[in-house]
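Close look at the chain arrangement
Residues per chain, in single letters:
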Amino acid sequence: MTRPDGRQPDQLRPISFIPNVAAHATGSVLVSFGDTRVICSATVEDDVPRWMRTQRVEGGWLTAEYSMLPYATLDRKPRDISRGKLDGRSSEIQRLIGRALRAVVDLKKVGQRTIWVDCDVLQADGGTRTASVTGGCVAVAIAFNRLFAQGKLRDFPLKKLVAAVSAGVFEGVPVLDLNYLEDKAAAVDFNVVMTESSEFVEIQGSGEEAVFSGAEMTAMLELSGNGIAHLIALQKEAILAADRAAPADLAALAAAFGR
Ligand code: UDP
């Protein structure tokens, strides 16, 4: 088995995080998993959803929105607004992102605030949801760091980092972090969300006109666990770098894209 881009089965695509790409968001990052690129931002609003006020629920809320820019895919994909309804796939993905991030945020420590996490896919080449979770967590960490530095938080609400990656069975072999060509051809597709303490938050796994064995599932989870440990190390570097980087670091953008 040879992967379309020549990677080893357990190898991630080149990963990069460019922090501070959107000056008006509280925290932002452009995350790349190979040719998949997602702009993730976290914006803090000093209000909570009405249901929290009426039910007198303590603390704040975190919610996510996901969308693909029209030119993110090979064929132009019209914006949801021009079709008058939210795409079912987007809705499923944004709920996954919200659940993943709420699993690691202590909402009581957020105070009476809503954290809006926006994930906009600039370029899609497979694994946009896993890149969104991974980048979304970096954006949230940067946002909390800023609030904390401004004295707006008494305790730090992010309990630990969370990241996500895909795995699948491609030409009979379990592989990590599928690109679009692999995703299209894969018999089995897993999306795994894990914290930095190796706890699972969510596993989405399915056979596509195919079935999978327990051994294959174990292999995919092991690949994912190792991939996530690597992603978390890179997230930590990116969160630290965000404090040093100039807003919208264009030199870093150019370097990451090899220009
Ligand atoms: N894709 C596309 N158009 C769509 C939906 C998906 O071109 O309307 C491509 C895109 O490259 C995406 C990939 O198919 O990354 C896999 O999509 P999937 O729904 O499995 O989600 P993802 O892997 O991006 O989380």
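Below you will find a few notes about this structure. (Residues numbered from 1 in each chain as written. Predicted model: local features only at pLDDT ≥ 70, side-chain atom pairs only at ≥ 80, totals over all residues. Heavy atoms only, no water.)

With respect to the pattern of salt bridges
Oppositely charged side chains are able to pair whenever their charged atoms sit close together. Applied cut-off: For this analysis, a salt bridge means a side-chain nitrogen from Lys or Arg found within 4 Å of a carboxyl oxygen belonging to Asp or Glu. Note on conventions: DSSP H or I runs of at least 4 residues are helices, E runs of at least 2 residues are strands, and numbering of each starts at the N terminus. The classification of residues rests on relative accessible area computed with a 1.4 Å probe and restricted to protein chains. Under 20% of the type maximum is buried, over 50% is exposed, and intermediate values are partly exposed.
Throughout the structure, instances matching the rule amount to 16 salt bridges. A salt bridge links Asp46 to Arg113; its shortest N-O distance comes to 3.3 Å. Of this pair, Asp46 sits in the loop between strand 3 (36-45) and helix 1 (50-54) while Arg113 sits in the loop between helix 4 (107-110) and strand 5 (114-123), placing them 67 residues apart in sequence. What makes Arg113 buried here is its relative accessible area of 13%. Between Glu202 and Arg99 there is a salt bridge whose closest N-O contact spans 2.7 Å. Of this pair, Glu202 sits in strand 9 (residues 200-207) while Arg99 sits in helix 3 (residues 88-102), and the two are 103 residues apart along the sequence. A residue is classified by how much of its surface remains accessible, and Glu202, at 16% relative accessible area, is buried. Taken together, the shared-partner salt bridges connect Arg3, Asp5, Arg7, Arg13, Asp125, Asp177 and Glu182 into one network.

Description of the nonpolar core
Grouped burial of nonpolar side chains is what soluble globular proteins tend to show. Here is the rule we go by: Here, nonpolar core refers to any group of buried Ala, Val, Leu, Ile, Met, Phe, Trp, Tyr and Cys residues whose side-chain atoms link them within 4.5 Å. Note on definitions: a residue-residue contact is assigned when non-hydrogen atoms from the two residues lie within 4.5 Å.
Of all hydrophobic cores here, the largest spans 63 residues; its most connected members are Val105, Ile115, Val140 and Phe144. With 11 residues, the single largest contributor to this core is helix 5 (residues 128-149). Setting aside anything within four residues of it in sequence, one finds Phe144 in contact with Val105, Val110, Ile115, Leu153, Phe156, Pro157 and Leu158.

Topic: the side chain of Gln235
Test applied: By the criterion applied in these results, polar contacts are pairs of N or O atoms within 3.5 Å in which, for protein atoms, one can donate a hydrogen and the other can accept it, and in which residues neighboring in sequence qualify only through two side-chain atoms.
With respect to the secondary-structure elements, Gln235 resides in helix 7 (residues 214-244). Of note is the side chain of Gln235, whose polar atom sits 2.9 Å from the backbone oxygen of Thr134. At 2.9 Å, the side chain of Gln235 and the backbone oxygen of Val162 are in polar contact. Not counting the four nearest positions on each side in its chain, Gln235 is found in contact with Phe17, Thr134, Cys137, Val138, Leu161, Val162 and Ala163.

Digging into the pairing of strand 6 (residues 162-170)
The side chains of a regular strand alternate, first on one face of the sheet and then on the other. Let me state the cut-off plainly: Paired strands, in this sense, are two strands between which DSSP finds at least two bridges.
The element strand 6 is extensively covered by neighbouring structure, given that nine of its nine residues are classed as buried. Burial along strand 6 is two-sided: the residues Val162, Ala164, Ser166, Gly168 and Phe170 and Ala163, Val165, Ala167 and Val169 are all buried. Across eight bridges, the pairing between strand 6 and strand 8 (residues 188-195) is antiparallel. Directly across from Ala163, in strand 8, lies its bridge partner Met194. A loop of two residues connects strand 6 with strand 7 (residues 173-176), the two strands running antiparallel in sequence, and Glu171 in this loop sits at a positive phi of about 50°.

Topic: unusual backbone geometry
Phi is positive for Glu171, close to 50°, though the residue is something other than glycine. Of the residues examined, Glu171 reaches a relative accessible area of 56% and is grouped as exposed. Positive phi, close to 50°, is recorded for Glu209, a residue that is not glycine. By the element assignment, Glu209 lies in the loop between strand 9 and helix 7. Taking the relative accessible area as the measure of exposure, Glu209 reaches 83% and is therefore exposed.

Details of the packing of aromatic side chains
This is how it is decided: Note on ring pairs: Phe, Tyr and Trp rings are taken, using the six-membered ring of Trp, and paired if centres are within 6.5 Å. Classes follow the plane angle, with under 30 degrees stacked, over 60 edge-to-face and the rest tilted.
Taken as a whole and judged by the stated rule, the model has four aromatic pairs. On the basis of an interplanar angle of 85° and a centroid distance of 5.1 Å, the ring pair of Trp51 and Trp61 is categorised as edge-to-face. Of the two residues, Trp51 sits in helix 1 while Trp61 sits in strand 4 (residues 61-68), which places them 10 residues apart along the sequence. Overall, Trp51 belongs to the partly exposed group, its relative accessible area being 36%. Residue Trp61 is classed as partly exposed on the basis of its relative accessible area of 21%. Taken together, Phe144, Phe148 and Phe156 form an aromatic cluster joined through their ring pairs.

Here's the deal with the site of the ligand
Selection rule: The rule for a residue being near a molecule or strand is that one of its heavy atoms must lie within 4 Å of it. Exposure was quantified through the Shrake-Rupley algorithm and a 1.4 Å probe, taking into account, for residues, occlusion by the shown protein chains and nothing else. Three classes are used, and their members are as follows: Ala, Val, Leu, Ile, Met, Phe, Trp, Tyr, Cys and Pro are nonpolar, Asp, Glu, Lys and Arg are charged, and the others, Gly among them, are polar.
Every residue lining the ligand is accounted for by Met68, Thr73, Lys77, Arg89, Ala124, Asp125, Gly126, Gly127, Thr128, Arg129, Tyr180 and Asp183. At a separation of 2.8 Å, an oxygen atom of the ligand approaches a polar backbone atom of Gly126. Taking Arg129, its side chain carries an N or O atom lying 2.8 Å from an oxygen atom of the ligand. Surface burial for the ligand is 76%, taken as the share of its 500 Å² of free accessible area covered by protein chains. If you list the elements that add at least two residues to the shell around the ligand, you get helix 5 and helix 6 (180-185). For the shell around the ligand, the residue count by class is three nonpolar, four polar and five charged.

Just distances and angles here, no functional claims.
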